[in-house]
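Residue strings, one per chain:
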Amino acid sequence: EPSADVVMKLMDFGFEMSGPLTAGRHTIRVENSGGQPHEVAIVRLQPGKQPMDFAAWGEKQVGPAPGALAGGVSAIMPGAHAFVEVDLEPGEYGLICFIPEMKDGKPHFLHGMVKQVKVT
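As the structure is a computational prediction, the values presented were derived from the model and not from experiment.

1. Looking at the nonpolar core
Counting residues in each nonpolar core, the largest one holds 23 residues, and the members touching the most others are Ile 28 and Val 40. At the level of secondary structure, the elements contributing two or more residues to this core comprise strand 1 (6-11), strand 2 (14-17), strand 3 (24-32), strand 4 (38-45), strand 5 (67-76), strand 6 (81-88), strand 7 (91-96) and strand 8 (114-119). Top element by residues in this core is strand 6. It accounts for four residues. Excluding its chain neighbours within four sequence positions, the residues that come into contact with Val 40 are Met 8, Leu 10, Phe 15, Val 30, Gly 71, Gly 72, Val 73, Leu 95 and Ile 96. Formed by eight residues, the second largest nonpolar core is a distinct cluster that contains Ala 41, Phe 54, Trp 57 and Ile 96.

2. Looking at the pattern of salt bridges
Enumeration according to the criterion identifies four salt bridges in this entry. Of the charged contacts in the structure, one is a salt bridge between Arg 29 and Glu 31, with a shortest N-O distance of 2.7 Å. Of the charged contacts in the structure, one is a salt bridge between Glu 92 and Lys 118, with a shortest N-O distance of 3.7 Å. Here the residue Glu 92 occupies a position in strand 7, and Lys 118 occupies one in strand 8, the gap between them amounting to 26 residues. We classify Lys 118 as exposed; its relative accessible area is 56%. Bridged by salt links that share partners, the residues Glu 1, Arg 29 and Glu 31 form one connected network.

3. Observations concerning unusual backbone geometry
In this structure, the amide linkage connecting Asp 12 to the following residue, Phe 13, adopts the cis form with an omega of 10°. Unlike most non-glycine residues, Gln 61 shows phi in positive territory, near 50°. In this fold, Gln 61 is placed in the loop between helix 1 (51-60) and strand 5.

4. So, the sheet that holds strand 3
Backbone-to-backbone hydrogen bonds pair the strands of a sheet. The strands run either parallel or antiparallel. Judged by pairing direction, the sheet is mixed, and its four strands sit side by side in the order 2-1-3-6 without closing on themselves. Looking at the sheet topology across the chains shown, the edges are occupied by strand 2 and strand 6. Across this sheet, the average inter-strand angle for adjacent strands is 25°, counted without regard to direction. Note: strand 3 against strand 6, eight bridges, orientation antiparallel. Following the sheet pairing, Thr 27 is matched in strand 6 by Glu 85.

5. Quick word on the sheet that holds strand 4
On the basis of which strands lie adjacent, the open sheet formed by four strands has the order 5-4-7-8 and antiparallel pairing. Edge positions in the sheet fall to strand 5 and strand 8, since each of these pairs with one other strand and no more. Taken over all neighbouring pairs, the strand axes of this sheet differ in orientation by 20° on average, direction set aside. Here strand 4 pairs with strand 7 via four bridges, running antiparallel. By the bridge assignment for strand 7, Ala 41 is matched with Ile 96.

Cut-offs applied
Residues numbered from 1 in each chain as written. Predicted model: local features only at pLDDT ≥ 70, side-chain atom pairs only at ≥ 80, totals over all residues. Heavy atoms only, no water. Core = buried A, V, L, I, M, F, W, Y, C linked by side-chain atoms within 4.5 Å. Buried < 20%, exposed > 50% of the residue type's maximum accessible area, 1.4 Å probe, protein only. Helix = DSSP H or I, 4+ residues; strand = E, 2+ residues; numbered from the N terminus. Contact = heavy atoms within 4.5 Å. Salt bridge = Lys/Arg side-chain N within 4 Å of Asp/Glu carboxyl O. Pairing = 2+ DSSP bridges. Axes fitted to C-alpha atoms, helices over the stretch in contact; angles between N-to-C directions.

In short, the description is geometric, and any link to function would need to be established separately.
In structure tokens, the structure reads:
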């Protein structure tokens, strides 16, 4: 396995990181610590936009995107992990899980699995 410089834990329903993301190249180990499948979309946000703006756009994809995908990991099962390599520029980023909740079918970001982080 690659050597990760950041560990990101996916939980029901949030993101926890071992340290801040900084500009440049990173190998992120993404661990699913939750009880159901999760994913993370790492999105570089347009100025003035928030992760929920991108999440809402992602469901319908109408009009210009309020951000651009910088990397991510698609659905991983509870207890599993994956790696993602990213090359980040300074700015505001969103971490978003689009997986539907098992109980109500709504995407996890509507249950709070969305986070904004600043990359310096």
